[in-house]
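Listed here are the chains, written in short residue letters.
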Amino acid sequence: MNKLSRIFFSFALLYGLAGIGLGLMMASHHEYTQTPTHAHTQLLGWVSFALFGLFYNSFPAAASGIMAKIHVVLAVLSSIVMLISLYIYIGGNASAEPVLAIASMVYGVSYLAFIAAMAPVIARG
Ligand code: HEM
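Procedures and definitions
- Residues numbered from 1 in each chain as written.
- Predicted model: local features only at pLDDT ≥ 70, side-chain atom pairs only at ≥ 80, totals over all residues.
- Heavy atoms only, no water.
- Donors = N, O, S within 2.8 Å, 3.2 Å for Na, K, Ca; no water.
- Helix = DSSP H or I, 4+ residues; strand = E, 2+ residues; numbered from the N terminus.
- Near = heavy atom within 4 Å.
- Polar contact = N/O pair within 3.5 Å; in protein donor to acceptor, adjacent residues only side chain to side chain.
- Nonpolar A, V, L, I, M, F, W, Y, C, P; charged D, E, K, R; others polar.
- Contact = heavy atoms within 4.5 Å.
- Phe/Tyr/Trp six-rings, centres within 6.5 Å; stacked < 30°, edge-to-face > 60°.
- Buried < 20%, exposed > 50% of the residue type's maximum accessible area, 1.4 Å probe, protein only.

## Some details on the coordination of the iron atom of the ligand
- Protein coordination of the iron atom of the ligand is limited to a single donor, His-38 (NE2), which sits 1.9 Å from the metal.
- Relative to the helices and strands, His-38 resides in helix α2 (residues 35-58).

Have a look at this one:
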């Protein structure tokens, strides 16, 4: 397994654990305010990061370029900031919104880097 896949799989496992923890907390308290944070931790964190790991494991050529490195750095940093600021924002602190907005945009840029890393490999067939 290449280093990039290992990083994405490691974060996927951590996000899955955090999302399940939040889901269990919400269910046991009958308090569902943080449902969007739970859903994003599971789908952006656990599912997307596991898929990134699988992509880079299936296409190791894509993992060696600069775009893949930009992807992993921006995706990891922006997702951490995004999920924490989403939790704070939904918890009632509107001042977290600018941080949430910037982190979300950086995550979008990281996804563009993912496309740029994958496109040449997919185009080659
Ligand atoms: C032990 C595991 C889990 C627990 C206890 C749990 C718990 C919950 C709870 C209490 C809600 C709120 C339901 C409501 O608002 O009525 C919810 C929503 C949601 N969960 Fe989970 N969950 C778990 C695992 C997962 C996983 C593995 C995923 C995805 C990979 C996931 C994705 C979602 C999504 C997308 C929503 C939002 C659904 C909507 O608003 O329509 N959950 N979960």
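## Thoughts on the site of the ligand
- Surveying the vicinity of the ligand reveals the residues Ile-20, Gly-23, Leu-24, Met-26, Tyr-32, Thr-35, His-38, Ala-39, Gln-42, Leu-43 and Val-47.
- Here a nitrogen atom of the ligand sits 2.8 Å away from a polar atom, N or O, in the side chain of His-38.
- Of all the secondary structure elements, the ones that give two or more residues to the shell around the ligand are α1 (3-29) and α2.
- When grouped by side-chain class, the residues that make up the shell around the ligand number seven nonpolar, four polar and no charged.

## Describing the side chain of Asn-2
- Take Asn-2: it is sitting in the segment before α1.
- In this structure the side chain of Asn-2 is engaged in a polar contact, spanning 2.9 Å, whose partner is the backbone oxygen of Tyr-56.
- What Asn-2 contacts, discounting residues up to four positions off in sequence, is Tyr-56, Asn-57, Pro-60 and Ala-63.

## So, the packing of aromatic side chains
- A complete count under the given rule lists twelve aromatic pairs for this structure.
- An angle of 5 degrees between the planes, with centres 5.8 Å apart, marks the rings of Phe-8 and Tyr-56 as stacked. Here the residue Phe-8 occupies a position in helix α1, and Tyr-56 occupies one in helix α2, the gap between them amounting to 48 residues. As far as the burial class goes, Phe-8 and Tyr-56 line up, both buried.
- One aromatic cluster in this structure is built from Phe-8, Phe-11, Tyr-15, Phe-49, Phe-52, Phe-55, Tyr-56, Phe-59, Tyr-111 and Phe-114.

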